[in-house]
Amino acid sequence: MTRRQLFATIPIAAALKRANAAAAPFERIDTHTHIHRRDPALLSLLEQADWRCLSICVSRAIGDEASDLEEMIRGTIDVHQATKGRIAWATAFDARGFESRVFAGRVIASLQQSFGLGAVAVKIWKNIGMGIRAKSGEYLLPDHPALSPVFDAIEKAGRTLIAHLAEPDGAWLPLDAHNPEVNYYTGHPEWHMYGRPGVPSKDAILAARDRVLARHPKLRLVGCHLGSDEEHLDLLAKRLDTFPNFAVDVAARVRYFVSGDHTKAREFLLKYQDRVLYATDFTLGPGDGEDAAKEFQQTHERDWKFFATRDELSYRNRQVQGLGLPENVVRKIFRQNAVRWIPGIAG
Ligand SMILES: [Zn+2]
């Protein structure tokens, strides 16, 4: 009897007690990673711990620099095939050139090609809203009419739009000790928007994303990083109530749940248990080896403990207690929501 067959015959609660506290009785899915080359150590850890991942391609170019997207897509398809789909993939498109008459046709043709090669989703990134500009100097926003036919094509193909738009509030605040993201923006000044003329406000970017949700009610849109409302669960709740086609991932934002009010976090996760997808934002760098794979595994197990158990755990040098969410909710966050919001992710 395989491990999975064994667990299928006994209720989860009993299985959880029998297994070590950090193990799960089902295959879990990390819906936000960046793995664009083969890494045997990483794959064997994923297999052992029974994880699947979505590897997301990103079009990062902003100005006239050369794009690395095609190379990234090639590497990702290779990983997808080599892992027999354990690593699913999301494609992306270069939004520069959105003022060209042939833009939508060209982008849609490239997306169709990716879909034919197994891409289950399309990613758009924060350079839409915070980086790419029209010839007039105006920033491209996600609800620009040039992008609309692209979103229609994604919806028609039954794929999911994965959207990292805007950033934590700190991107629009002075870089001082009061800025909760001071470390990140000190290291990444290119994304620090405070005091830059003509830059859209965070509200303006998220309002433009909301208009995409309203105009494409059948398009499934997963907002990365708690939809950039990581500091405002109340605002996020309103958006989830307004747009049934909107879900969010928790990539790189579990720390906000950990450091915030646990009662509020628990209530939020219970109420929106069908709309939250587990994710890490793990990125496999060019020189990363076994250590990176191990760290990835530790993140998975630590986050699992935080959501699924009441155990004490150490999180960024803090001792905290797990939320102990009910097992049906944990199953949704760590698997079922991924399968429902990103069809094809589990093969
Ligand atoms: Zn990411």
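This text gives an overview of the structure that appears in the document. Note that this is a predicted model, so its numbers are computed, not measured. (Residues numbered from 1 in each chain as written. Predicted model: local features only at pLDDT ≥ 70, side-chain atom pairs only at ≥ 80, totals over all residues. Heavy atoms only, no water.)

**Some thoughts on the overall build of the protein chain**
What counts, and what does not: Each helix is a run of DSSP H or I of at least 4 residues and each strand a run of E of at least 2, with the numbering of both proceeding from the N terminus. Every radius of gyration here is taken over C-alpha atoms, with the globule rule written as 2.2 Å times N^0.38, N being the number of residues. Note on exposure labels: buried denotes an accessible area under 20% of the residue type's maximum, exposed denotes more than 50%, and partly exposed covers the range between, all computed with a 1.4 Å probe on protein chains only. Residue contacts are counted whenever heavy atoms from the two residues lie within 4.5 Å of one another. Where accessible areas are quoted, they stem from the Shrake-Rupley method and a 1.4 Å probe; at the residue level, only the protein chains shown are allowed to cover.
The secondary structure content of the protein chain amounts to 15 helices and 11 strands. Relative to the globule expectation of 20 Å for 347 residues, the C-alpha radius of gyration of the protein chain, 20 Å, shows essentially globular dimensions. The buried share of the protein chain, taken over its 347 residues, is 54%. Residue pairs in contact within the protein chain that sit at least 24 positions apart in sequence constitute 70% of those at least 6 positions apart. Entry remark: accessible area of the protein chain is about 15,600 Å², with carbon and sulfur atoms responsible for 52%.

**Examining the coordination of the zinc ion**
The condition is simple: The rule for donors is simple: an N, O or S atom within 2.8 Å of the metal counts, and for Na, K and Ca the reach is 3.2 Å. Water is not among the atoms, so a site may look short of donors.
At 2.1 Å from the zinc ion lie its protein donor atoms, namely His-32 (NE2), His-34 (NE2) and Asp-281 (OD). Written as a sequence motif, the donor arrangement for the zinc ion is H-x1-H-x246-D. Residue His-34 is found in strand S1 (residues 28-34), and its partner Asp-281 is found in the loop between strand S8 (276-277) and strand S9 (282-283); the two are separated by 247 residues along the sequence. According to the relative accessible area criterion, Asp-281 is partly exposed, its value standing at 24%.

**Side note on the packing of helix H5 (residues 103-116) against helix H7 (residues 148-156)**
So the rule is basically this: Angles shown run from 0 to 180 degrees and are taken between the N-to-C directions of axes, each axis being a line fitted to C-alpha atoms and, for helices, limited to the stretch in contact. Roughly parallel refers to an angle under 35 degrees, roughly antiparallel to one over 145, roughly perpendicular to one between 65 and 115, and oblique to any angle outside these ranges. Each crossing gets its handedness from the near helix: less than a right angle anticlockwise from the far helix is left-handed, clockwise is right-handed.
Relative orientation of the contacting elements H5 and H7 amounts to 25 degrees, with a least axis distance of 9 Å. In this view, H5 runs roughly parallel relative to H7, as classed from their interaxial angle. Our pair here, H5 against H7, has a crossing hand that is right-handed. Of the residues in H7, those touching H5 at Phe-103, Ala-104, Val-107, Ile-108 and Leu-111 are Pro-149, Val-150, Ala-153 and Ile-154.

**Some thoughts on the pattern of salt bridges**
Which entries qualify depends on this criterion: The rule for a salt bridge is simple: a side-chain nitrogen of Lys or Arg has to be within 4 Å of a carboxyl oxygen of Asp or Glu.
Summed over all chains, the structure comprises 19 salt bridges. Glu-230 serves as the salt-bridge partner of Arg-253, at 2.5 Å between the closest nitrogen and oxygen. Linking Arg-253 in the loop between strand S7 (246-249) and helix H12 (254-259) with Glu-230 in the loop between helix H10 (224-227) and helix H11 (233-242), this pair joins segments that are 23 residues apart in sequence. Judged by relative accessible area, which is 6%, Arg-253 ranks as buried. A residue is classified by how much of its surface remains accessible, and Glu-230, at 4% relative accessible area, is buried.

**Side note on the pairing of strand S3 (residues 87-92)**
Definition in use: When DSSP finds two or more bridges between two strands, those strands count as paired. Crossovers are marked right-handed if the path from the first strand over the helix to the second runs clockwise, as seen with the strands pointing away from the viewer.
Most of S3 is tucked away, with 6 of its 6 residues classed as buried. Across the two faces of S3 the burial is the same, with Ile-87, Trp-89 and Thr-91 and Ala-88, Ala-90 and Ala-92 all buried. Inspection of the sheet shows strand S2 (residues 51-56) paired to S3 by 4 bridges, in the parallel sense. Note that in S3 the partner of Ser-55 across the bridge is Trp-89. What joins S2 to S3 is helix H4 (residues 69-82), and the crossover it makes is right-handed. Bridge count for S3 against strand S4 (residues 121-124) is 3 bridges, and the pairing is parallel. Following the sheet pairing, Thr-91 is matched in S4 by Val-122. On the question of chirality, the crossover connecting S3 to the parallel S4 by way of H5 is right-handed.

**Points about the state of the cysteines**
The cut-off we apply is this: Any two cysteine sulfur atoms within 2.5 Å of one another count as a disulfide.
Summed over all chains, the structure comprises 0 disulfides. Cys-53 takes part in no disulfide bond, and the closest cysteine sulfur, belonging to Cys-57, lies 14 Å away. Of the cysteine sulfurs around Cys-224, a residue in no disulfide, the closest is that of Cys-57, at 13 Å. Judged by its relative accessible area of 1%, Cys-224 falls in the buried class.

Geometric descriptors of this kind do not, in isolation, establish any biological role.
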